[in-house]
Amino acid sequence: MIKQKKTGQVIVISSPSGGGKGSVINGLLEKNKNIYLSVSTTSRPMRSNDIPGVTYNFVTVEEFEQKINEGYFLEYTNYIGNYYGTPKGPIKEKISQGIDVLLEIEIEGASNIKKLIPEAIFIFIMPPSLKELVKRLKKRNTDSNDKIMERFHTAYKEINEVSKYNYVVINDNLEDAINKVDAIIKAEKCRVDRIEEVYLDTKEEEIHELLIDEELDNIGLADKI
Ligand code: 5GP
């Protein structure tokens, strides 16, 4: 009766550093096998827990700028002194195959995606408190104190941008947060603007017959009373 759009959806997830989006995304990917996590390209130095080609594709500043000129990116930004960008090619490919694409990007990138793909789903993962945010930033132990301070200030500014998103999920309990994001994606699939066509799945004559039969049944029932 209803033909829904076959294309995948673009899901944008942002959160300040320390918001815990990494764990939420991992849990979501475990639960939902039809989501492709976009691998960004970055010029930032690799961290000990990074896996090239998996967490990011690492390039030099010069290589990144060359890719900008070649039109390689759907969006890109300079975040705390490093380039980050979403490659266009894989996104187009997955969407057309009906696979949902998840972009884990910061707010400026999200706002650029909103201009390009307004129907994308924008989800903001919020840390439960600023105290918890500082704790998580310090626990990482990968950045210098200056870098942690810079990340905290950026994070604080980012939290004020939450109203630009469609959904906010507070990450105070990981399992709950994963379930909420999964539920949002499932609900979005039921939106009426994902209906391409409403059509008759039964021949008109058959429907008439069914209607007439039912009418007769009802008369019979009425007579019996
Ligand atoms: P990190 O250095 O901690 O891995 O990432 C820093 C920030 O860059 C995070 O907020 C992350 O979401 C964002 N980011 C990662 N990849 C991209 C991208 O391709 N585009 C944009 N705009 N932001 C990104």
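Just above, that's the structure.
Residues numbered from 1 in each chain as written. Predicted model: local features only at pLDDT ≥ 70, side-chain atom pairs only at ≥ 80, totals over all residues.

### Considering the sheet that holds strand β7 (residues 82-87)
Adjacent strands of a sheet form backbone hydrogen bonds with each other and so pair up, either parallel or antiparallel.
Next up, step 1: With mixed pairing, the four strands of this open sheet are ordered in space as β5-β4-β7-β6. Looking at the sheet topology across the chains shown, the edges are occupied by β5 (57-58) and β6 (73-79).
Next up, step 2: In this sheet, β7 lies alongside strand β4 (residues 41-42) in antiparallel orientation, the contact comprising two bridges. The partner of Thr-42 across the bridge, within β7, is Tyr-84.
Next up, step 3: Docked against the sheet, helix α3 (residues 88-96) engages β6 and β7, running at close to 30° with respect to β7.
Next up, step 4: Set on the sheet, helix α4 (residues 107-116) makes contact with β6 and β7; between it and β6 the angle comes to about 155°. (Pairing = 2+ DSSP bridges. Helix = DSSP H or I, 4+ residues; strand = E, 2+ residues; numbered from the N terminus. Contact = placed C-beta atoms within 7 Å. Axes fitted to C-alpha atoms, helices over the stretch in contact; angles between N-to-C directions.)

### Some points on the environment of Ser-14
Next up, step 1: Looking at the secondary structure, you find Ser-14 in strand β2 (residues 10-14).
Next up, step 2: Residue classification places Ser-14 among the buried residues on the basis of 24 C-beta atoms within 10 Å.
Next up, step 3: Considered as a pair, Ser-14 and Ala-110 are 96 residues apart in the sequence and their alpha carbons are 7.6 Å apart. (Buried ≥ 20, exposed ≤ 12 C-beta atoms within 10 Å, placed from the backbone.)

### Some points on helix α7 (residues 174-189)
Next up, step 1: Taking 1.5 Å per residue, 16 residues should reach 22 Å; α7 reaches 23 Å between its end C-alpha atoms and fits that length.
Next up, step 2: As for α7, its buried residues are in contact with β2, α1 (21-31), β8 (100-104), β9 (121-126) and β10 (167-170). (Expected span 1.5 Å × (residues − 1).)

### Regarding the site of the ligand
Next up, step 1: The full set close to the ligand counts 14 residues, and Ser-40, Tyr-84, Ile-105, Glu-106 and Gly-109 are the nearest of them.
Next up, step 2: Taken together, the elements giving at least two residues each to the shell around the ligand come down to β6, β7 and α4.
Next up, step 3: Counted by class, the shell around the ligand contains three nonpolar, six polar and five charged residues. (Near = placed C-beta within 6 Å. Nonpolar A, V, L, I, M, F, W, Y, C, P; charged D, E, K, R; others polar.)

### Focus on the nonpolar core
Next up, step 1: In this structure, Ile-11, Val-12, Ile-123, Ile-125 and Val-181 are the most contacted members of the largest nonpolar core, which totals 26 residues.
Next up, step 2: Those elements giving two or more residues to this core turn out to be β2, α1, β8, α4, β9 and α7.
Next up, step 3: If you tally residues by element for this core, the top one is β9, at six residues.
Next up, step 4: Non-local contacts of Ile-11, meaning those with residues more than four positions away in its chain, are made with Asp-100, Val-101, Leu-102, Ala-120, Ile-121, Ile-123 and Ile-185.
Next up, step 5: Counting six residues, the second-largest nonpolar core is a separate cluster that includes Phe-64, Leu-74, Tyr-83 and Tyr-84. (Core = buried A, V, L, I, M, F, W, Y, C linked by C-beta atoms within 7 Å.)

### A closer look at the sheet that holds β8
Next up, step 1: Pairing in this open sheet of five strands is parallel, and the strands run β3-β8-β2-β9-β10 from one edge to the other. Both outer strands of the open sheet, β3 (35-37) and β10, are each paired with one neighbouring strand and no more. Across this sheet, the average inter-strand angle for adjacent strands is 25°, counted without regard to direction.
Next up, step 2: Judged from the four bridges that link them, β2 and β8 form a sheet pairing that is parallel. Opposite Val-10, over in β8, you have Val-101 as the bridge partner.
Next up, step 3: Of the strands in this sheet, β2, β8 and β9 touch α4, which is tilted by about 155° from β2.
Next up, step 4: Packed on one face of the sheet, α7 meets β2, β8, β9 and β10 and runs near 170° to β9.

Keep in mind these numbers describe shape, not what the thing actually does.
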